[in-house]
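Letter by letter, the chains look like this.
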Amino acid sequence: MFVGFSFPGTLTSLALIDFGIQFLGWGIAVFFHTERLYDLTGSSTFLLVAGLCYKWHTNGHPRQLIQTGAVIVWALRLGSYLFSRILEQGQDRRFNKIRDDPVRFFSAWTMQGMWVFVTLLPTLLCVMNSRQPPLRLRDYIGWGVWLMGFLIETLADHQKTVFRRDPSNQGKFISSGLWSLSRHPNYFGEILLWFGLYISASSSFSGYEYFSVLSPTLVYLLITRVSGIPMLESYGLKKWGTSPLYQKYLRETPVLVPFWH
């Protein structure tokens, strides 16, 4: 079913590295009572796990290189953005209620470990597979979807950063640029890029490997049901819910997918 590699041992070792890093990060974060290293640790784990998998299993096929490279580019960009943002803002309000509770804080770090491993699963399975068919249309479609998602996420983050740094926008919500097409365009890009990497990775799949579609599905569910959109929508309503401009923005702007109300 899984051709050309030792499925249990290799994935297990990568999972142990992943969760080991999270638990170490949790210990440091609890000691210093800070969440500043949370996102940086997550993105660094993506880099390390993807890089080790490539080092251990590459046979020189371009699919393995491009899949790994896409993860590395994404992790470097998002990790540096999120780390610079928390250094600038000082704290992350997601952790206000759990920062000083080691047990609840531990659950957040454990969830990050699960997010890293499951999200990477299609790419890990692809890179680990010694049977690499020639590049085909599906690869290019997947990488094209990844590139579209990456550019959308990057541009949305940049637009929001510029908006926040303008003193005249203090206390306001952003509704310009990509944020006029979606209330969460960065999340739309994030979901899109992981679906793209699943599509391209599936060019080398067989059997149960296709069930790693769990990866982009989990990303979608976490963003739309757990820690992404629900928290931000609730925060927005508390802060601007009585504003006629914000109510108009909610009515006229799709939550996630542009032009799909």
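Sequence order as written defines the numbering, with residues in each chain counted from 1. A pLDDT threshold of at least 70 governs which residues receive local features in this predicted model, and a stricter bar of 80 or more applies before side-chain atom pairs are shown or counted, although totals over entire chains, interfaces and linings include all residues. Side-chain descriptors were evaluated using all non-hydrogen atoms of the structure, hydrogens and water having been removed beforehand.

Here we look at helix H5 (residues 137-165)
We count a stretch as a helix when DSSP gives it H or I for four or more residues in a row; a strand needs E for two or more, and each element gets its number in order from the N terminus. A helix is expected to span 1.5 Å multiplied by its residue count minus one. Taking 1.5 Å per residue, 29 residues should reach 42 Å; H5 reaches 42 Å between its end C-alpha atoms and fits that length. With a 1.4 Å probe rolled over the protein chains alone, any residue whose accessible area is under 20% of its type maximum counts as buried; one over 50% counts as exposed, and the rest are partly exposed. What H5 keeps buried is the set Asp 139, Gly 142, Trp 143, Trp 146, Gly 149, Phe 150, Ile 152, Glu 153, Ala 156, Asp 157, Thr 161 and Phe 163. Contacts are assigned to residue pairs with any non-hydrogen atoms lying within 4.5 Å of each other. Among the structural elements, helix H3 (62-89) and helix H6 (185-201) are those in contact with the buried residues of H5.

A word on the packing of aromatic side chains
Any two of the Phe, Tyr and Trp rings considered here, Trp counted by its six-membered ring, make a pair once their centres fall within 6.5 Å; the pair's planes then place it as stacked at under 30 degrees, edge-to-face at over 60, or tilted in between. By the definition in use, this model includes 24 aromatic pairs. Ring geometry for Phe 173 versus Tyr 246: centroids 5.0 Å apart, planes at 75°, classification edge-to-face. Here the residue Phe 173 occupies a position in the loop between H5 and H6, and Tyr 246 occupies one in helix H9 (residues 244-252), the gap between them amounting to 73 residues. Exposure remark for Phe 173: the relative accessible area of 18% places this residue in the buried category.

Remarks on the environment of Ser 43
Within the secondary structure, Ser 43 sits in helix H2 (residues 38-57). Owing to a relative accessible area of 8%, Ser 43 belongs among the buried residues under this scheme. Separated by 33 residues in sequence, Ser 43 and Leu 76 place their C-alpha atoms 7.1 Å apart. With residues near it in sequence (within four places) discarded, Ser 43 still touches Ala 75 and Gly 79.

Describing the confidence of the model for the protein
A residue's pLDDT is the confidence the predictor assigns to it, expressed on a 0 to 100 scale. Chain-level pLDDT for the protein is 93 on average; 97% of the residues reach the 70-or-more range. Note that pLDDT drops below 50 for residues 1-9; the model gives that stretch 17 contacts with residues more than four away or on any other chain.

Quick notes on H3
When the terminal C-alpha atoms of H3 are compared, their 40 Å separation across 28 residues agrees well with the 40 Å that a helix rising 1.5 Å per residue should span. Gly 90 sits one or two residues past H3 and shows a positive phi near 95°.

Brief notes about the pattern of salt bridges
For salt bridges, the criterion is a side-chain nitrogen of Lys or Arg within 4 Å of an Asp or Glu carboxyl oxygen. In the structure shown here, the tally under the stated rule is 9 salt bridges. The partner of Arg 99 in a salt bridge is Glu 35, with the nearest N and O atoms 2.7 Å apart. Taken together, the residues Arg 99 in the loop between H3 and helix H4 (102-128) and Glu 35 in the loop between helix H1 (7-32) and H2 connect sequence positions 64 residues apart. Look at Glu 35 and you get buried, because its relative accessible area is 3%. Among the salt bridges present, the one from Glu 88 reaches Arg 165, with a minimum N-O distance of 3.1 Å. Remark: Arg 165 occurs in helix H5 and Glu 88 occurs in helix H3; sequence separation between them is 77 residues. Grouping residues by exposure puts Glu 88 and Arg 165 together as exposed.

Brief notes about the nonpolar core
Among the buried residues, those of types Ala, Val, Leu, Ile, Met, Phe, Trp, Tyr and Cys that are joined through side-chain atoms within 4.5 Å form a nonpolar core. Grouped together as the largest cluster of nonpolar side chains are 54 residues, with contacts concentrated most on Phe 46, Trp 74, Leu 120, Leu 124 and Trp 194. At 11 residues, the largest contribution of residues to this core is made by H4. Among residues more than four places away in sequence, those in contact with Trp 74 are Phe 46, Trp 115, Trp 146, Phe 150, Glu 153, Glu 190, Leu 193 and Trp 194. Listed in part, the 7 residues of the second largest apolar core include Tyr 38, Phe 95, Ala 108 and Trp 109.

Considerations on unusual backbone geometry
Most of the time, phi is negative for any residue but glycine, and the peptide bond is trans. In the Ramachandran plot, His 33 falls in the positive-phi region, its phi being about 50° despite a non-glycine side chain. Tracing the backbone through its elements, the reader meets His 33 in the loop between H1 and H2. Residue His 33 is classed as partly exposed on the basis of its relative accessible area of 48%. Non-glycine residue Phe 259 carries a positive phi angle of around 70°. Along the polypeptide, Phe 259 turns up in the segment after H9. By relative accessible area, which is 73% here, Phe 259 ends up exposed.

Section: the packing of H4 against helix H7 (residues 214-226)
Note on geometry: axes are C-alpha line fits, over the in-contact stretch for helices, and angles between N-to-C directions span 0 to 180 degrees. H7 packs onto H4 with a crossing angle of 140° between their chain directions and a minimal axis gap of 7 Å. If you check the angle between H4 and H7, you find them oblique. Here Met 111, Met 114, Trp 115, Val 118, Thr 119 and Pro 122 of H4 come into contact with H7, specifically with Leu 214, Ser 215, Leu 218, Val 219 and Leu 222. In terms of residue class, the contact of H4 with H7 is made up of 9 nonpolar, 2 polar and no charged. The cut-offs work like this: below 35 degrees is roughly parallel, past 145 is roughly antiparallel, 65 to 115 is roughly perpendicular, and the gaps in between are oblique. Each residue receives one of three labels: charged for Asp, Glu, Lys and Arg, nonpolar for Ala, Val, Leu, Ile, Met, Phe, Trp, Tyr, Cys and Pro, and polar for the others, Gly being one of them.

Side note on the packing of H3 against H4
Two numbers describe how H3 lies on H4: the axes approach to 8 Å, and their chain directions differ by 160°. In terms of axis orientation, H3 runs roughly antiparallel to H4. Here H3 contributes Arg 63, Gln 64, Gln 67, Thr 68, Val 71 and Trp 74 to the contact with H4, which in turn contributes Trp 115, Leu 120, Thr 123, Cys 126 and Val 127. Residue classes in the contact of H3 with H4 are distributed as 6 nonpolar, 4 polar and 1 charged.

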